[in-house]
Amino acid sequence: MPQANVRKLQWRNIVATMLTVLLAACGGSETQVETNPLPPATEQPVVNYTGPAASTDDVANFKRALWDNIATTDRCGACHTQGAQSPTFARNDDINLAYADTGTLVNLSQPSESLLVTKVAGGHNCWLTSDTACADILTTWISDWASESEQQNQATEIELQAPTTKSPGSTKNFPESAALFESTVYPLLENFCASCHTNSATIPISPFFSSSDIDEAYEAAKDRMNLTTPSDSRFVVRLRDEFHNCWSNCDQDGESLEDAIAAMAEGIETTELDESLVNSNAVSLFDGTLASGGGRFEQNTIAKWEFKAGTGNTAFDTSGVDPALDLTLSGSYDWVGGYGIQLAEGKAQGSTTNSKKLYDLILGSGEFAIEAWVAPANVTQEGPARIVSYSGGKDRRNFTLGQTLYNYDMLLRTGNTDINGEPALSTDDADEVLQAALQHVVVNYDANNRRRIYVNGELAKDGDNVEGTNLTDWDDSFAFVLGSEVSGEAPWAGTIRMVAIHNRTLSDDEILTNFDAGVGQQYYLLFGVSELIDVPQSYIVFEVSQYDSYSYLFAEPFFISLDSSAQIPDISLAGMRIGLNGRESSSGQVFSTLNTQISDTNYDAQSGIALSRQGTIIPLEKGPELDEFFLTFEVLGDNQNIVVEALPASPAESSDLEPQSDIGTKHFAEINATMSVLTTVPMNTPTINDTFIQLKQQLPSVTDISSFLASNQMGITQLAIRYCDTLVETDSLRNAYFPDFDFTLPASSAYEGDARDGVLTPIISNMLLSNIDSQADETAVRGELNLLIDRLTLCGAGSSCDTQYTKTIAKASCAAVLGSATMLIQ
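Residues numbered from 1 in each chain as written. Predicted model: local features only at pLDDT ≥ 70, side-chain atom pairs only at ≥ 80, totals over all residues. Heavy atoms only, no water.

Peer 1: Looking at this structure, I do not really get the overall build of the protein chain. What am I missing?
Peer 2: Within the protein chain, the secondary structure is distributed over 21 helices and 35 strands. Across its three principal axes, the protein chain shows a C-alpha extent of roughly 100 × 80 × 65 Å. Buried residues in the protein chain amount to 50% of all 826 residues. The long-range share in the protein chain, meaning contacts at least 24 apart out of those at least 6 apart in sequence, stands at 69%. Carbon together with sulfur atoms contributes 47% to the accessible area of the protein chain, which is approximately 37,300 Å² in total. When the 45 basic and 111 acidic side-chain charges of the protein chain are each reduced to a single mean position, those positions are 6 Å apart. (Helix = DSSP H or I, 4+ residues; strand = E, 2+ residues; numbered from the N terminus. Buried < 20%, exposed > 50% of the residue type's maximum accessible area, 1.4 Å probe, protein only. Contact = heavy atoms within 4.5 Å. Areas by Shrake-Rupley, 256 points an atom, 1.4 Å probe, with all protein chains shown as cover. Lys, Arg positive; Asp, Glu negative; His and termini not counted. Charge placed at Lys NZ, Arg CZ, Asp CG, Glu CD.)

Peer 1: Whenever I open this one, the state of the cysteines confuses me. Can you help?
Peer 2: A covalent bond between the sulfur atoms of two cysteines is what we call a disulfide. This model, assessed by the stated rule, comprises three disulfides. Disulfide pairing places cysteine 246 opposite cysteine 250 at an S-S distance of 1.9 Å. Its S-S torsion of approximately 105 degrees makes the covalent link between cysteine 246 and cysteine 250 right-handed. In this structure cysteine 250 comes out as buried when scored by relative accessible area, which is 18%. Cysteine 193 takes part in no disulfide bond, and the closest cysteine sulfur, belonging to cysteine 196, lies 8.4 Å away. With a relative accessible area of 16%, cysteine 193 lands in the buried category. Residue class for cysteine 196 comes out partly exposed when judged on its relative accessible area of 23%. (Disulfide = S-S within 2.5 Å.)

Peer 1: Quick question: what am I supposed to make of the sheet that holds strand S22 (residues 479-483) here?
Peer 2: Each strand in a sheet pairs with its neighbour through backbone hydrogen bonds, running either in the same direction (parallel) or in the opposite one (antiparallel). Pairing is antiparallel across the open sheet formed by eight strands, whose spatial order is S9-S10-S13-S22-S15-S16-S17-S18. Unpaired on one side and paired on the other, strand S9 (314-315) and strand S18 (425-426) mark the two borders of the sheet. (Pairing = 2+ DSSP bridges.)

Peer 1: Please clarify how the pattern of salt bridges should be interpreted in this entry.
Peer 2: Where charged atoms of side chains with opposite charge meet at close range, the side chains can pair. Applying the stated criterion to the full structure yields 31 salt bridges. A salt bridge links aspartate 464 to arginine 451, with the shortest nitrogen-to-oxygen separation between them at 2.7 Å. You can see aspartate 464 sitting in the loop between strand S21 (458-461) and S22 and its partner arginine 451 sitting in strand S20 (residues 450-455), a full 13 residues away along the chain. Given the relative accessible area of 8%, aspartate 464 is considered buried. Among the residues examined, arginine 451 registers a relative accessible area of 2% and is labelled buried. (Salt bridge = Lys/Arg side-chain N within 4 Å of Asp/Glu carboxyl O.)

Peer 1: Just to check I follow, could you spell out helix H1 (residues 57-70) for this structure?
Peer 2: Three- or four-residue spacings in an α-helix give side chains the same orientation, since the helix completes a turn every 3.6 residues. With 14 residues, H1 ought to run about 20 Å at 1.5 Å a step, and its terminal C-alpha atoms sit 19 Å apart, in line with that. Remark: the principal bend of H1, roughly 45 degrees, maps to lysine 63. Within H1, the full set of buried residues consists of Asp58, Val59, Asn61, Phe62, Lys63, Ala65, Leu66, Trp67, Asp68, Asn69 and Ile70. (Expected span 1.5 Å × (residues − 1). Bend = angle between axes of the 7 residues up to and from the residue.)

Peer 1: Would you explain the packing of helix H13 (residues 668-679) against helix H15 (residues 710-729) in this entry?
Peer 2: Helix packing for two helices is described by the angle between their axes and how far apart those axes are. Here H13 crosses H15 at 30 degrees, and the two axes come no closer than 10 Å. As judged from the angle between their axes, H13 and H15 are roughly parallel. Remark: the crossing between H13 and H15 carries right-handed chirality. Residues Ile671, Asn672, Met675, Ser676 and Thr679 of H13 lie in contact with H15, whose contacting residues are Ile716, Leu719, Ala720, Tyr723 and Leu727. (Axes fitted to C-alpha atoms, helices over the stretch in contact; angles between N-to-C directions. Parallel < 35°, antiparallel > 145°, perpendicular 65-115°, else oblique. Left-handed = near helix turned anticlockwise from the far one by under 90°.)

Peer 1: I'm lost on the packing of aromatic side chains in this one. Help?
Peer 2: How two aromatic rings sit relative to each other is given by the distance of their centres and the angle of their planes. Taken as a whole, this structure holds 30 aromatic pairs when the rule is applied. Taken together, a centroid distance of 5.6 Å and an interplanar angle of 70 degrees make the contact between phenylalanine 368 and tryptophan 474 edge-to-face. You can see phenylalanine 368 sitting in strand S14 (residues 368-376) and its partner tryptophan 474 sitting in the loop between S21 and S22, a full 106 residues away along the chain. Accessibility assignment for this pair places phenylalanine 368 and tryptophan 474 in one class, buried. An angle of 65 degrees between the planes, with centres 5.8 Å apart, marks the rings of phenylalanine 738 and phenylalanine 743 as edge-to-face. Residue phenylalanine 738 shares its accessibility class with phenylalanine 743, and that shared class is buried. Among the aromatic side chains, those forming a connected cluster through ring pairs are Phe527, Phe542, Tyr552, Phe554, Phe591 and Phe629. A cation over an aromatic ring shows up here: lysine 222 above the ring of tyrosine 218, its NZ or CZ 4.7 Å from the ring centre. (Phe/Tyr/Trp six-rings, centres within 6.5 Å; stacked < 30°, edge-to-face > 60°. Lys NZ or Arg CZ within 6 Å of the ring centre and 35° of its normal.)

Here you go:
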């Protein structure tokens, strides 16, 4: 059964009935709390419970996982106790009565749907500044209770939920030009919001809908304007209902923005659905069935960041393990749609006080795992560029997950590494496992297996040469940080979608489970087609998620009827396309070539029938709350709307281009790697690495020989000189490379006669490799080097031909070959 066709997601919980009892209001306003209780593992973290003992194991699990965390006076214990607000699920006189009152408020089969969670998510007395973060933490605590129940082995199913039937309606779509926005809504945003919502503000706060760049402002404002119902626009709600930085009177300010959005909407023509289309019913993203519960392994998670806030400068730790290690965002960063942050020269850093929980909980176990979903911006970053660190500065750390070109690096401080965690463990250069794409990365460490790096569920690097030991050399005064610890020092550019720290290693199966679970919020969208094929409750189902701030991912469609007794006739399906806001999307139509048959013989009542294993990207227009999707078909059953594609334009006559060279040059990374091999000097030697970073922009960036410039050659020469200088000045390298040459003699005698062969022969044999098809003539190269040495050893009056000059001549001879075409051409 194809994985994407699973309509019943397995959870290991008991089924708890959801009742419609609402929590009584307690104060009615959000409360910010600065302090946190001790970790839930403590028997009595804050509440001094002296009542009857738990009557069952499940009551004890409830107390440890949920009650100990919510019964404090800075959370639910301020109101929902005996003699106060009902229900009294936080009462402290009898844990069994608290347990009884909680049963109607939780859903152990779907913790995120618990009334406790949805109530807080809706704004009821969250103890943080983010309702979403509080809801996620409550979900974690309820999940912990469910996972520890004795009945957890009973499988529970989440059914696909049929959405409300609605047809694709007429809609107004944002025009490509920002001119209408600029003349209606933008003046208010520019006048009253620019002190914060621009990238040039003293404290920039995204989204930048007040940017001086009108196109940037327009893109940032689109999903905050409702062209159909302007009063429901996020801009309006933020002022009118949430009193966010009103400039005069919040009701009047909200009305002003509502009028401006209405004026913009009036200037936009309505998009009517083409009557000739064979179309499904319409759904929005949040009409779908939440595709959660796929089974992430988080039993030993001690910190987790999912970046759901979407605004502000705080990334909340939603692991539920106190103290919460919330991260403050600074520098160049942006929030990414579909959950995530994008860093350029920015970082997200926790306090040293709260970071200490990593020290406390990892040293106790002696092992840990770093887990992250990341998308590097490019494969040219070095340093290593810092992705995830527990660090005290640029040259001291407990651990760092970083990037060097195509490699992931793990620096770890132990008794067998230095204060900076070196030597690092890196993935192999030849494997190029790091790509500029979304990847799941896990680093495990324990004393027996040492460091291991996994990428996308597979082991990418083991064989750590550093002997494993304990972590007692860690420093508890360091801070946890995403990005570079110090501004300008090895910054990392890319997107981070999720990070988790575990105080146990993850097994291979657990890593694969978390990789398969994916990242972000995913939905099953059910597109109703019953009226087209006369099969009750029949749907084409896609797994859909917001891919980033600009697009949606539609993947692996399947056909299913929610009526298990339905008879499935032979149904032809061809030319399926995705519609968005009243029209077929202009891009991403990979299913337009689909041509398949649905029949009772290949249909499974539980999982339906897979239509395709492909996926596609559809552009985001109005935002996930407002975008409306539907499907169209060229053929579905007896319905047809055959699309005749326009003939492609005739190809232009081919140009007779100039002949292209059969040879090329190495690019900057290849040059550095080649020089290292030819001289035996490691690339990570500090002097080499510093010189390469300085010269990298001057070295060739492409392999086209016609683009090679004189400035490229100057950079190559300088890098060659640095390599040869390091080779000759390092005793161990020099003695191994030139074993038959006496560097203690002055230059005037050291290079006499055949003695100079002690320098020339190693250079030629190492740098003029014989295992390639075309190479410089060895005799000619030796002749040129002899002439060079002859000129350099003309030690006349006033010249110094001492032993130091002997080394200088060797360096010059080395650099002459190393910086030449013998190294560069490929």
